[in-house]
Structures are given as structure tokens and as C-alpha cells.
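# Understanding the architecture of this molecule
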Amino acid sequence: VMPDEFIGLAEQIGLISDIGFWVLQQSAEQVRQWIEQNSYCQQVCVNKSPREFIKDRTHHDWLEYLCQSGWPASNVIVEITEGILIDDHADVAKELLRSSEAGVQISLDDFGTGYSAMSYLHKYHIDYIKIDKSFICNMVEEINDQAIVDAIIAMAHKLSMKVIAEGVETTEQRDLLLAAGCDYAQGYLFARPMPASD
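Residues numbered from 1 in each chain as written. Predicted model: local features only at pLDDT ≥ 70, side-chain atom pairs only at ≥ 80, totals over all residues. Heavy atoms only, no water.

What follows concerns the sheet that holds strand β2 (residues 76–81). Strand order in this open sheet of six strands is β1-β2-β3-β4-β5-β6, and the pairing throughout is parallel. Each edge of the sheet is formed by a strand with only one pairing partner; in this case those strands are β1 (44–47) and β6 (184–185). In this structure, strand β3 (residues 105–111) lies alongside strand β4 (residues 128–131), joined through three bridges in parallel fashion. Among the inter-strand pairings, L108 is bridged to a residue of β4, identified as I129. (Pairing = 2+ DSSP bridges. Helix = DSSP H or I, 4+ residues; strand = E, 2+ residues; numbered from the N terminus.)

Once that is clear, we can look at the packing of helix α2 (residues 16–36) against helix α3 (residues 62–69). The contact between α2 and α3 brings their axes to 11 Å, and the two run at 25°. Between α2 and α3, the crossing angle belongs to the class labelled roughly parallel. In this structure, α2 meets α3 at a crossing whose hand is right-handed. Residue-level inspection shows G20, F21, L24, Q25 and A28 of α2 in contact with α3, the latter providing W62, Y65 and L66. A class-by-class count of the residues in the contact of α2 with α3 yields six nonpolar, two polar and no charged. (Axes fitted to C-alpha atoms, helices over the stretch in contact; angles between N-to-C directions. Parallel < 35°, antiparallel > 145°, perpendicular 65-115°, else oblique. Left-handed = near helix turned anticlockwise from the far one by under 90°. Contact = heavy atoms within 4.5 Å. Nonpolar A, V, L, I, M, F, W, Y, C, P; charged D, E, K, R; others polar.)

Let us look at the side chain of D127. Mapped onto the fold, D127 is located in the loop between α6 (119–123) and β4. The buried charged residue D127 lacks any salt bridge, with K162 as its nearest oppositely charged partner at 9.6 Å. Separated by 3.0 Å, the side chains of D127 and H125 make a polar contact. What D127 contacts, discounting residues up to four positions off in sequence, is V104, Q105, I106, M161 and K162. (Buried < 20%, exposed > 50% of the residue type's maximum accessible area, 1.4 Å probe, protein only. Lys, Arg positive; Asp, Glu negative; His and termini not counted. Salt bridge = Lys/Arg side-chain N within 4 Å of Asp/Glu carboxyl O. Polar contact = N/O pair within 3.5 Å; in protein donor to acceptor, adjacent residues only side chain to side chain.)

On to the pattern of salt bridges. Tallied over the full model, the rule gives seven salt bridges. As a salt-bridge pair, E36 and R32 come within 2.4 Å of each other at their nearest N and O atoms. With E36 and R32 both in helix α2 and four residues apart, this pair spans about one turn of that helix. For E36, a relative accessible area of 56% translates into the label exposed. The closest approach of N and O atoms between R98 and D61, which form a salt bridge, is 3.3 Å. Note that R98 is positioned in helix α5 (residues 90–102) and D61 in the loop between β1 and α3, a separation of 37 residues in sequence.

These results come straight from atomic positions and should not be treated as a statement about function.
Put into C-alpha cells, the structure is as follows:
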């Protein structure tokens, strides 16, 4: 079952906090094993739903868990969506500040598809901007998409943020991103989803 199908439902029925915390625990344990094996992979990105930022009876404290587990917070990048910044909720601002002060890096996922309000880019401490794959998939053929990608990269670098391109599937896309100065990329060109053992 793809995330598009179950995440919205999990948010509606109040299970997203438990699911998100379980994912964090599994990710932390996996990275701990990789570190013990002297693996190159020592950092992981974990998505956090907007609902997980709002304090309620099901709230799990990610930072408290990382502190108790002895796993460095710097090994975690929390991926958030633009929507949680637009709402300007006090709990969100507080959690982002706590995370940043603890060394957790913040990545803004699917950039360019939501509100893309520039005001919150300097209001909150964001380390990475992830360019949505909808711009990447057409950038070779569509000059406007390429111009948007180039502009996002330039803007992010001016704000001392790094850029991750999502959904890179061809060497042509990769080459255009490299020429534009993109810092990182993910997608089927590099690897498909796979078990941790691979």
C-alpha cells in the first residue's frame, strides 16, 4: 500500500503519531547497525507529518527518544512539508527550534508544489530544500521547468541552504542539475527502494 493511500487515513483516525514514532525508532536502529558495521550510510531522512507537531495525548517526543537512545541528533534529517509552515502554529515553530538546537537538520519536502511562500524560508531554520519531482521529470524538455529548478537552486544557495532534487531518473536530468549546482539528488537513476540489507 502506497503512502498516498494510508497516510491521510492515519492522520484522520489519529494513528499518524504512533506510526511516525515507530518509523523513527526503526530508522534509528537501522542506522545504529550500519554505524557498527562501519557503513558509509550514517544519516537518515525521516518524514514527519504536520499532525505530529501538534501536542496532544498521543504525542511522542522525538528529541527525548534520540537523547535516551544515545543516537546523535545530527544523524537525523526531519523532512517536513510547506503546509505546516504556512499554518504558523506555535507548536510547530517551537518544535522546529528545539530540533535545530539539538542538531537535527530540517528538510523542506516537495518544494514548489505548495504555497512556496518565501517569508518562511528565513523565519524558520531550514537546512535543505527538496525540489519536487514534477519539475525534475520535465526539465529536459521544458525550458520553463528548467528555469524554475535553476532559480530554486540559486535562491536556496543564497539563503545558505542545500538543495536535493527528487525523482531523478535520467543522466540528462542529472547533468542539468549538476550544471545548475544542485547539491544532492535522489531517484531511480541511482537506486530504487530496497531492503536495508541491500
